[in-house]
Amino acid sequence: QVTLVESGGGLVQAGNSLRLSCAASGRTSTLGWFRQASGKEREFVAAINWSGVITNYADSVKGRFTISRDNAKNTLYLQMNSLQPGDTGVYYCAAQPRSDLRLADYKYWGQGTQVTVSS
């Protein structure tokens, strides 16, 4: 059993940065970040393997967001720079993909943290 708790969301102006954290309990392998804007489907943002060597990003965030993890602290991070209004949404961390890691088909999910970017 894995539980995930996100933190770090908030309201920021466009161009600024935020860092999200996801504290995990239990054993985890691949971890991912997803986001969901109001009225839209949940979409993939980034994923990272257990060692942190392999990362994967959505084209929309490549070059602006960085996913990382600290296995000693059992914590996942998402550093978000140059934020844009289109990045607004609820951000979820997820563990244990059951199929393609870009699909929202993970076994465990956090409760989400709201990120709002004003123009």
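See the structure printed just above.
(A) Structural context of the sheet that holds strand E8 (residues 75–80). Judged by pairing direction, the sheet is antiparallel, and its 4 strands sit side by side in the order E1-E3-E8-E7 without closing on themselves. Of all the strands in the sheet, just strand E1 (3–7) and strand E7 (65–70) have a single pairing partner and so form its edges. Neighbour-to-neighbour, the strand axes of this sheet turn through a mean angle of 15 degrees, independent of strand direction. Bridge count for strand E3 (residues 18–25) against E8 is 6 bridges, and the pairing is antiparallel.

(B) Quick peek at unusual backbone geometry. Even without being glycine, Asn-74 reaches a positive phi, approximately 55 degrees. Within the element layout of this structure, Asn-74 appears in the loop between E7 and E8. Looking at Asn-74, the relative accessible area reads 23%, which means it is partly exposed. Positive phi outside glycine occurs at Ser-82, with the angle close to 50 degrees. Considering the arrangement of structural elements, one finds Ser-82 in the loop between E8 and strand E9 (89–97).

(C) Focus on the pairing of E3. Here E1 pairs with E3 via 5 bridges, running antiparallel. Bridge pairing in E3 links Thr-3 to Ser-25.

(D) Expanded view of the pattern of salt bridges. Applying the stated criterion to the full structure yields 5 salt bridges. The closest approach of N and O atoms between Asp-87 and Arg-64, which form a salt bridge, is 2.8 Å. Of this pair, Asp-87 sits in the loop between E8 and E9 while Arg-64 sits in the loop between strand E6 (55–57) and E7, and the two are 23 residues apart along the sequence. The class for Asp-87 is buried, based on a relative accessible area of 2%. With a closest N to O distance of 3.3 Å, Arg-98 and Asp-105 form a salt bridge. The exposed category is assigned to Arg-98, whose relative accessible area is 56%. Taking the relative accessible area as the measure of exposure, Asp-105 reaches 28% and is therefore partly exposed. When salt bridges with common partners are traced through the structure, they connect Arg-35, Glu-43, Arg-64 and Asp-87 into a single cluster.

Each value, and the rule that gives it
Residues numbered from 1 in each chain as written. Predicted model: local features only at pLDDT ≥ 70, side-chain atom pairs only at ≥ 80, totals over all residues. Heavy atoms only, no water. Pairing = 2+ DSSP bridges. Helix = DSSP H or I, 4+ residues; strand = E, 2+ residues; numbered from the N terminus. Axes fitted to C-alpha atoms, helices over the stretch in contact; angles between N-to-C directions. Buried < 20%, exposed > 50% of the residue type's maximum accessible area, 1.4 Å probe, protein only. Salt bridge = Lys/Arg side-chain N within 4 Å of Asp/Glu carboxyl O.

So yeah, pure geometry; function would need other evidence.
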